[in-house]
Structure formats: structure tokens, C-alpha cells
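So the chains spell out like this:
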Amino acid sequence: MASDTSADAAEVERLYEFGERLNEAKDKSEHVSDYEGIIAAVEGHCVKAKQLAAQLIPRFFKFFPGLSSRAVTALFDLVEEDDLGIRVQAIRSLPLLCKDTPEYVSKIVDVLGQLLTSEENVERDAVHKALMSLLRQDVKASLTALFRHVEIGLENVREKVICFLKDKVFPIKAELLKPQVEMERHVTNLVKKSLQDVTGAEFKLFMDFLRSFSIFGIGVPPEYIQELIEIIEGQADLDAQFNVEDIDHIDRLISCMCMALPFFARGASSSKFLGYINKHILPVFDKLPEERKLDLLKNVAVSSPYATAQDSRQLLPSIVTLLKKYMPRRKTEGPKYDYLECLFFSFHHLAHKTPNSTNSLCGYKIVTGQPSDRLGEDFSENYKDFTERLNSTEEVVRSAMKKLTQGVADHNKALSAAKTEEEKANTKTEQQRATMALRNCNNILAMTQPLHAKAPLFIGDNKITLSWKEPMKQSSASIMPAAGKRKAAVVVNGSRNTGTTADKKARVDVLFAT
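Fair warning: this is a prediction, and the values are worked out from it, not measured in the lab.

A. Fine view of the overall build of the chain. Regarding its fold elements, the chain presents 22 helices and two strands. Counting every position in the chain, which comprises 514 residues, the buried fraction comes to 50%. Accessible area for the chain stands at about 24600 Å²; split by element, carbon and sulfur atoms hold 49% of it.

Take a look at the structure:
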């Protein structure tokens, strides 16, 4: 035992001598054997000698380019040692190798990325600091190496790298990404390559990061925003054949469309999403899971203000078919009010873009001077059927509103009488539901009333606020329509009358935003 201690001390002393000679030498390249001795110490058994070697290797690394490969390999060997102190010292030394030899940045970042899985806090902290040091030295090479783990890395490594990017890199992007435009473009390309197999949370994380870039900021041309839409379209699998039994694809499509909505408002095209929904999903709407039908209709409704005239013309027949399906023909039928709100909203905004399409669909007599007006054809039966459904719908909705209004009053009384916090919370929840349902019904009536005319007034601006988006602050009285009064029309036969123009514009978890 004493001999081992003596040998270890001698080994440490020998390394100090190597270091002192190299430190004092004017031409350090003449002392190759000393540097080789430092590297060789990595293969010994002395813990202190290995820690010292880990400190000395980067100190003289740049003077011995012929030994650089051996030196880097030696430090890589040390980060796999059983002793925590040796590993931590080696990790701290790795970034120092790159100060004068930046060509090693990618290789070292790759190794450090794998070490993010360490369960030792001290070691993981050393890895974080080493990576941040290298990111500041060469952000482009470092991020490229890290994203390589996201793209093809082992699952546990990949998850840790994503966490590191989220917690350490993304918050200081303004400091790291320089020159800004060049680096934002580079990172965008890295993200696009890394999205082949991501969770919903990961996809949202990366998209939120890209959205924060100046190259996608407010005021940039629509074609820049279109790039983000194309990324989302790829994640939604809009080129895949639709299978109504593939619940994952349905969830993915709906969540991706939610994510795309802000970009539609900024001018990006919604054509691919709306075209896919119209061609593949609405024809089998009845077969969709019940819990996804409303999510889909909400997304279509919120997207409809940004549809082009061509997309509106193609989508409108499917919307009218569904609208007729859910508009009650008899006053005794109880409709799906939330479905109707979405469908009427979509109908108005789509018809606003292509008003004469409703001539054949609903029997209207809108004149635009185009052959597509089809005014010489008789669609009177369509008009009769549509207006009868409108009348039945309005009667059923008004009846429901009377009950809901009474329900709100009852909830107010119950809230005043509630004694426990639980009772108050439950009553408030029921009160909010009733208030939401009242807004829903109010919106339906506001959208049905203009549709009785032969040449109706289509609502094409933001006059209607969808019930689930409206702040829950109004009293039940304030949201009730005044008796006998119609909402002011904003579009006459497809032409704007008043108001302002609306803005033109694999594993994924569900991220519903509707």
C-alpha cells in the first residue's frame, strides 16, 4: 500500500516536472517527449495524476499539432473514468482545446452532448458550462453538432439535448445568434432537419423559437411566413392518404392547424390545409370521433376569414352540406348549437369571398355579372329548403335562449345562497357554461337573420366574435339581442358596405388552442 502511494506521488511529481519544463521553454515544440509523458499519464492508475494530466493537456495543446489527435482522445478517455473528480476536470478542459484549434469544436460538442445524460449534478453542471463556452466560441459549429443529436441521437441523449437548448440556449439567442440573420437562417435549417420524429411539445417548442426570429417577425413579406406554414404542413402530413381510423393523424392535423392560424392572419396561405380538409375529411365527417368533430369545425371557422376566393368556392359546398345536416327541419329537433355557430361563421366568411356560389347552393339571386351566377336556372327548391331550416333553427335557438337566461338567473341565486367554497365553485362553473351557451345562441341568430333575403348580406369582417373566444365578462342581459332588431350588415352581395377589411393574409401530442 505504501509503495502504491509512493508511486502515485512520484507520478504526480513527474507530471509537474513535464509541465514546468514546457512552461519555461521558449520553443516548446522541442519538448515533445514531455507532452507525450503528460498524455501517457491518462493510461495510469493514479487519480491525482489523471486529474493533473487533464489540466496540462489543454495548456500546451496548441504547441503540438502532431499530437493533437492523441491528446483529444486522452481527454475523451478521461470523461469515461469511474472517478467523478477526473471526469469533471476532463469536461472542464475540453473547451480549452478549441481556443486555438476551432476545428475540434464539433467533435467535442458531440461528446459533451452525450454527457448531458449524467445523473451527477456537479458533472452535469460542468457539461453545461463547457457547452456554453463552446457556443460562445463557435455558435454555428456548436449548434450544428447539438442539433445532430436531436435529428438522429439516442432517445435519452436527444431528450437531454432538447432540454439544454430550451433552458440554456433559446433564452439567450440574442446574445448567441450573431450575425443575426445568418444564424437565424442556419438554425431554421437545423430545426427543419430535426422535425422528422418529434413530440407535440417538442414541435411547439421549436416553432415558438422560430417565431421569435427577426426573419419571421412582424412586417416581413408573406413568403417568409409561408416557410413556417410549410414546416407545419409537413408535420400535419397533408400529403398522406387520410384514414379516418388513424386518430393520431386526426389529432396531429388539428393541432398543427391551430398552430398555423396566427400565420394565416399574417398572410400565409391556408390553401393546403383547407384543401386537404375539404377533399379528405369533410366527406367522412360523420365517421370522425365525436370529440374531434367540434375541434375540426372550430379550426375551419377561424381559418375561413383568410381563405382565398378560389378556396372559398371549393370549400363552400361542403360547408353548406354540413350546415343543412345540422340545421333542424322541425322545431322539435335539438341541434348541435356549437356546430351551427362554427358552420354559420364559416359559411358567411366563405360566401363573402364568392357570393354567387350560394345561388345554386341555397337558391339565392346574387348578381355579380359572371356566368357562375347561374341566374337562368331554377334553384327555388333549394331556397325554400334553406329558409325553412333557417326558420326552424331560429325558433329552436330562441327557445333555448329563454331557458338559458332563466338558468343564469337561477345560478345567480344559487351562488348567493352557496355556503361552501365547493358549492360556489360548482355554481360558477355552471354559470359560465350557461353564459357561453347564450353567447353561442346569440351568435347563431346574428348570423341567420341576414340570410332570409333573396340576395342576403354576408358577414365578412370581425363583427362576430366566436363564443369560445369572447371574454366571459358580459351579463346575460347584455348579450341578449334586442327584440326585433337585426345585426348591421357589413357585406352586400360580396361587396363591403361598412367596416374594415379582415387581414388577408412521428409523434405529435395534441396541442388544442381553440
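B. Focus on the environment of Phe344. Tracing the backbone shows Phe344 in helix α18 (residues 337–353). Taking the C-alpha atoms as reference, Phe344 lies 6.5 Å from Met447; in sequence the two are 103 residues apart. Non-local contacts of Phe344, meaning those with residues more than four positions away in its chain, are made with Leu323, Met327, Leu390, Thr393, Ile444, Met447, Thr448 and Leu451.

C. Molecular detail of α18. Along its 17 residues, α18 runs 25 Å from first to last C-alpha, staying within 8% of the 24 Å computed at 1.5 Å per residue. Of all 17 residues making up α18, 15 are buried, and the element is well covered by its neighbours.

D. The nonpolar core, seen in detail. Counting residues in hydrophobic clusters, the biggest one holds 158 residues, and the most contacted among them are Tyr35, Leu112, Leu143, Phe347 and Tyr364. For Leu112, the residues in contact, after removing those within four places along its chain, are Ile91, Leu94, Val127, Ala130, Leu131 and Leu134.

E. Structural context of the packing of aromatic side chains. Scanning the entire structure with this criterion turns up 16 aromatic pairs. Geometrically, the ring pair formed by Phe209 and Phe213 is edge-to-face, given 4.9 Å between the ring centres and 70° between the ring planes. Exposure remark for Phe213: the relative accessible area of 1% places this residue in the buried category. Measuring from ring centre to ring centre gives 6.4 Å for Phe285 and Tyr326, while their planes differ by 80°; the resulting arrangement is edge-to-face.

F. Summary view of the side chain of Thr387. Examined against the element boundaries, Thr387 turns out to sit in helix α20 (residues 380–417). With a relative accessible area of 12%, Thr387 lands in the buried category. A distance of 2.8 Å separates a polar side-chain atom of Thr387 from the backbone oxygen of Tyr383.

G. View of the pattern of salt bridges. Under the defined criterion, the tally for this structure stands at 27 salt bridges. The partner of Arg136 in a salt bridge is Glu175, and the shortest N-O contact between them spans 2.9 Å. Of the two residues, Arg136 sits in helix α7 (residues 121–137) while Glu175 sits in helix α10 (residues 173–176), which places them 39 residues apart along the sequence. Classification of Glu175 as partly exposed rests on a relative accessible area of 40%. Notably, a salt bridge pairs Arg389 with Asp385, separated by 3.1 Å at the nearest N-O pair. One end of the pair, Arg389, and the other, Asp385, are both in helix α20, four residues apart, so they sit about a helical turn from each other. For Arg389, a relative accessible area of 12% corresponds to the buried category.

H. Expanded view of the packing of helix α6 (residues 105–114) against helix α8 (residues 139–152). Between α6 and α8, whose axes approach to 8 Å, the crossing angle comes to 40°. As far as their axial angle goes, α8 and α6 are oblique. Handedness of the α6/α8 crossing: right-handed. Residues Val105, Ser106, Val109, Asp110, Gly113 and Gln114 of α6 form the contact with α8, whose own contacting residues are Ala141, Ser142, Ala145, Leu146 and His149. Looking at the contact of α6 with α8 residue by residue, the classes come out as five nonpolar, five polar and one charged.

I. Representation of a negative patch on the surface. Negative charge collects at one region of the surface, where Glu13, Glu17, Glu20 and Glu24 lie side by side. Note on placement: Glu20 falls in helix α1 (residues 2–24). Judged by relative accessible area, Glu20 falls into the partly exposed class, the value being 48%.

J. Structural detail: unusual backbone geometry. The omega torsion across Lys178 and Pro179 is -5°, close enough to zero to call that bond cis. Along the chain, the position of Pro179 falls in the loop between α10 and α11 (180–193). Not every positive phi belongs to a glycine, and Arg374 is a case in point at roughly 50°. Turning to its location among the elements, Arg374 is positioned in the loop between α19 (357–362) and α20. For Arg374, a relative accessible area of 36% corresponds to the partly exposed category.

K. The arrangement of the side chain of Ser142 in detail. Mapped onto the elements, Ser142 comes out in helix α8. Classification of Ser142 as buried rests on a relative accessible area of 1%. When near neighbours in sequence (up to four residues on either side) are disregarded, Ser142 contacts Val105, Val109, Leu134 and Leu135.

L. Region of the structure containing the confidence of the model for the chain. The predicted model of the chain averages 87 in pLDDT, with 90% of residues at 70 or higher. Between residues 472–514, whose pLDDT stays under 50, and residues either more than four places distant or in other chains, the model counts 122 contacts.

M. Seen up close, the environment of Pro355. Tracing the backbone shows Pro355 in the loop between α18 and α19. Along the backbone, Pro355 and Ile366 are 11 residues apart, and their C-alpha atoms lie at a distance of 6.9 Å.

Calculation notes
- Residues numbered from 1 in each chain as written.
- Predicted model: local features only at pLDDT ≥ 70, side-chain atom pairs only at ≥ 80, totals over all residues.
- Heavy atoms only, no water.
- Helix = DSSP H or I, 4+ residues; strand = E, 2+ residues; numbered from the N terminus.
- Buried < 20%, exposed > 50% of the residue type's maximum accessible area, 1.4 Å probe, protein only.
- Areas by Shrake-Rupley, 256 points an atom, 1.4 Å probe, with all protein chains shown as cover.
- Contact = heavy atoms within 4.5 Å.
- Expected span 1.5 Å × (residues − 1).
- Core = buried A, V, L, I, M, F, W, Y, C linked by side-chain atoms within 4.5 Å.
- Phe/Tyr/Trp six-rings, centres within 6.5 Å; stacked < 30°, edge-to-face > 60°.
- Polar contact = N/O pair within 3.5 Å; in protein donor to acceptor, adjacent residues only side chain to side chain.
- Salt bridge = Lys/Arg side-chain N within 4 Å of Asp/Glu carboxyl O.
- Axes fitted to C-alpha atoms, helices over the stretch in contact; angles between N-to-C directions.
- Parallel < 35°, antiparallel > 145°, perpendicular 65-115°, else oblique.
- Left-handed = near helix turned anticlockwise from the far one by under 90°.
- Nonpolar A, V, L, I, M, F, W, Y, C, P; charged D, E, K, R; others polar.
- Patch = residues over 30% accessible without salt bridge, like charges linked within 9 Å, V, L, I, M, F, W, Y side chains within 5 Å.
- Lys, Arg positive; Asp, Glu negative; His and termini not counted.
- Charge placed at Lys NZ, Arg CZ, Asp CG, Glu CD.
- pLDDT = per-residue confidence, 0-100.

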